[in-house]
Every structure is written in C-alpha cells, then in structure tokens.
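Breakdown of the fold
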Number of protein chains: 2
Amino acid sequence: MTVKLQIEPLSRTEFSPFGEVIETEGAERFTINQGTTERYNNLSRVDVLSQGGWPQISIFRSQPRPQPIRLDLMERHPLGTQAFYPLQDRAWLAVVAKPDADPLDPSSLRAFRATGQQGVSYARNVWHHPLLVLEPDSDFLIVDRGGPGNNLEEREFTRTIVLATG
Amino acid sequence: MTVKLQIEPLSRTEFSPFGEVIETEGAERFTINQGTTERYNNLSRVDVLSQGGWPQISIFRSQPRPQPIRLDLMERHPLGTQAFYPLQDRAWLAVVAKPDADPLDPSSLRAFRATGQQGVSYARNVWHHPLLVLEPDSDFLIVDRGGPGNNLEEREFTRTIVLATG
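All values derive from a computational prediction rather than experimental measurement.

So, on to the sheet that holds strand 8 (residues 82-86) of chain A. Across the sheet, seven strands lie side by side as 3(A)-11(A)-8(A)-13(A)-6(A)-5(B)-4(B); this open sheet has antiparallel pairing. Each having just a single partner strand, strand 3 (19-22) of chain A together with strand 4 (29-32) of chain B make up the two edges of the open sheet. Strand-to-strand twist across the sheet, computed as the mean angle between neighbouring axes with direction ignored, equals 25°. Both strand 6 (residues 54-62) of chain A and strand 13 (residues 138-146) of chain A contribute to a ladder of nine bridges, which runs antiparallel. Looking across to strand 13 of chain A, one finds that A:P55 is bridged to A:R145.

Now the structure itself:
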C-alpha cells in the first residue's frame, strides 16, 4: 500500500528537533562594512570537528525525480552537521525522521517545503532523505565534514512512500 | 592624485596567492544521491580552528557604493579564512593586496570581477577590501570563524583609489 506523506512549510520552530533553518527572516543582524552591509550573524554553527574532522565547502547540482516523488532511503551523518543552502531562488524539499524513531516507519517522517531563501543544517545523527529538488540544475552550497571515519549510514525503504506534492 | 585600479576577471590561477575560488568550473566532481546529484567536492577547506575558533555560517546583504567605487580600507583576518558565495547570479568585485606588501600602496592591489557563479575564500591574513557589490540587496553566504581572540585588522586609505568599473 502506498503511503502519501504531507508536506509542511519549513520554519525554525518546526525544524528545531532536526537542526537549524538558515534564513535572514527573524535572525539577529548588525551593520558592517561602512554601512553598506547587514550581517545576519551565525545562522548556523558547523559541528564537524569530532574524530579529526574539518569543515569543507562543496556545491551540489541536483536534478528532480519523477513525480510523484518516491522516497528511496534515509541517511545520516554520525560525525557532523551537513548544511544546504540553495543558490537559486527555488523551493525545495527536506524529508527528516523524528529523533530516536525508526526512520523507515512512515509515522516517523516529516516533509518540509523550503523556500529558495531557506537553507537547513541537519544536526549530527538526524536521519534525512537525500536532496530533493523541483527544477533541473538546482545548485546548493554545502558545508559539511571532511576527514577520517565513517560518516554515512543509510537505510533503504521497502514500502512505497510518496510525497504529496501535487 | 586619483589612482584608477583596473579590474581583471577572477580565475583560480590569478587568485591563488590570495585564497581559493569556489566554483564548479574545472572542479573535481562525482555522482551521488541515486544518480540525481553531481557533487563538486571540497571546493574550499575552511581554516578557522586556531585559538579555539569554530566555523559559522552567516548571510551578508549588501548595497552598492556610489560610482566610481572608491576604496575605503583594507582588512584581514589573522585567525581564519573567510568564504563568500553569491546567492544571486550577479557579478561582484573582490579587491586584495599582494602578500607581504603594504596593503595601502596602490601597486600592491589587485581587483577581480567575479561572476555570480564564483565565490572566494580569502586565506588567513590576506588583506582584502570589504564586500563590493554592483546591485542592491545582493546576498552572500559567508563561512568564517567564530570564537575568541582578535580576528580583524583594518588599514584606511588616505589617498583616493577608484575602481575602473566604467
């Protein structure tokens, strides 16, 4: 039986069990650079240093999956945060599992629609689906962990779970 | 006497004495996420950990200065790198001083025009001008250092140096 997962708007409050929302809206800011720049400071603290890790910056270029979007697997990074920020002003989707729940149980899952001006940082050990975009060639700046150790766990879905994007 | 500084296109080769160019062009990549995503990996390594520092993610929203753009001051961060990536596809300007040269001497300066798909990471201790944008409300994702210690030095220009943007 196909399970259909509803999509909620992304907000700091709703996402707080899973990590941080990176957005200017509602953020602390101050003026720098001779009055020309507002700095929205420290929107996300990068947690990647355990076991000899270091922060690195990458770019992901992602393609949409066929509609309706079927969830493949959940993954998590036990050694560090992973932050995503969209480089075009396009909505995108983040699917996470509640902490300490079975990530393959549909009742553990939550799906969020981010705007093109919202990034997220998944906290260490938070189960999440790989990046889900809605338009071709959607680029993201990524800040995550480089370094030794196994920083990836994956669990594949056996039942059919689709996102209610329609 | 007004000094006019010529602007060069930004490239990895020309920028290498000053830090890293963050761009997909010419970068190592591999496919992830069930074939849906190209990862342009480790475009910049973040160097912010000395003296108890940590990496943080911020957003700068910047306004253009009057034309011709007059340089105000040079700054540098002795304790860490500072990375800038544009969040709109708009050209912007990066002005740096040659290492070990007087940052206020016009002959030490180089000005680069970045595309809207090029970020930079200034290496630790590299003198650079504060962010220079060409359009209103130009947003950048910033990865730099939080933590104790003095991570900012500034030197103000006394002579008039303008960018040859015309």
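A few words on the sheet that holds strand 8 (residues 82-86) of chain B. Spatial strand order, 4(A)-5(A)-6(B)-13(B)-8(B)-11(B)-3(B): seven strands in an open sheet with antiparallel pairing. Of all strands in the sheet, those with a lone pairing partner are strand 4 (29-32) of chain A together with strand 3 (19-22) of chain B, marking the two edges. This sheet shows a mean twist of 25° between the axes of neighbouring strands, independent of strand direction. The pairing of strand 3 of chain B with strand 11 (residues 119-122) of chain B spans four bridges and is classified as antiparallel. When the sheet's bridge partners are listed, B:V21 is paired in strand 11 of chain B with B:V120.

Predicted coordinates in regions of low pLDDT should not be interpreted in detail. Of the residues in chain A, 99% reach a pLDDT of 70 or more, and the chain-wide mean stands at 96. Here the predicted complex scores 0.97 on pTM and 0.96 on ipTM.

If you trace the backbone, A:T36 turns up in the loop between strand 4 and strand 5 (37-45). Other than its neighbours up to four places away in sequence, A:T36 contacts B:R61, B:S62, B:Q63 and B:R65.

Let us look at the interface of chain A and chain B. How large an interface is tends to be reported as the accessible area lost when its parts come together. Between chain A and chain B, the contact holds 41 residues from the first and 41 residues from the second. Carbon and sulfur atoms make up 55% of the area that chain A and chain B hide from each other, which totals about 3900 Å². A per-residue breakdown of the area chain A buries against chain B is headed by A:I57, A:I59 and A:R61, which together make up 17% of the total. Linking chain A with chain B are two salt bridges, by the criterion used here. The partner of B:R39 in a salt bridge is A:D144, with the nearest N and O atoms 3.0 Å apart. For the pair chain A and chain B, the number of links is 26 residue pairs in polar contact (both at pLDDT 80 or more). Broken down by secondary-structure element, the contributors of at least two residues to the side of chain A that touches chain B are strand 5, strand 6, strand 7 (73-76), strand 8 and strand 13 of chain A. When its residues are assigned to classes, the side of chain A that touches chain B shows 20 nonpolar, 13 polar and eight charged.

With that out of the way, let us pick up the relation of the copies chain A and chain B. Superposing chain A onto chain B requires a rotation of 180° together with a translation of 0.0 Å along the rotation axis, leaving an RMSD of 0.0 Å. Taken together, the rotation and translation describe the operation of a two-fold axis. Closest approach to the rotation axis among the C-alpha atoms of chain A is made by A:L87, whose C-alpha sits 2.6 Å away. Most of the interface of chain A is mirrored in chain B, where 100% of its interface residues are also at the interface.

Here we come to the environment of B:S11. Residues and elements named next belong to chain B. In this structure, S11 sits in the loop between strand 2 (7-9) and helix 1 (12-15). For S11 and S108, which are 97 residues apart along the polypeptide, the C-alpha to C-alpha distance reads 18 Å. Polar side-chain contacts of S11 include one of 3.2 Å to the backbone nitrogen of E14.

Parameters at a glance
Residues numbered from 1 in each chain as written. Chains lettered and ligands numbered in written order. Predicted model: local features only at pLDDT ≥ 70, side-chain atom pairs only at ≥ 80, totals over all residues. Heavy atoms only, no water. Pairing = 2+ DSSP bridges. Helix = DSSP H or I, 4+ residues; strand = E, 2+ residues; numbered from the N terminus. Axes fitted to C-alpha atoms, helices over the stretch in contact; angles between N-to-C directions. pLDDT = per-residue confidence, 0-100. Contact = heavy atoms within 4.5 Å. Buried area = accessible area lost by both parts, 1.4 Å probe. Salt bridge = Lys/Arg side-chain N within 4 Å of Asp/Glu carboxyl O. Polar contact = N/O pair within 3.5 Å; in protein donor to acceptor, adjacent residues only side chain to side chain. Nonpolar A, V, L, I, M, F, W, Y, C, P; charged D, E, K, R; others polar. Least-squares fit on C-alpha atoms with pLDDT ≥ 70 in both.

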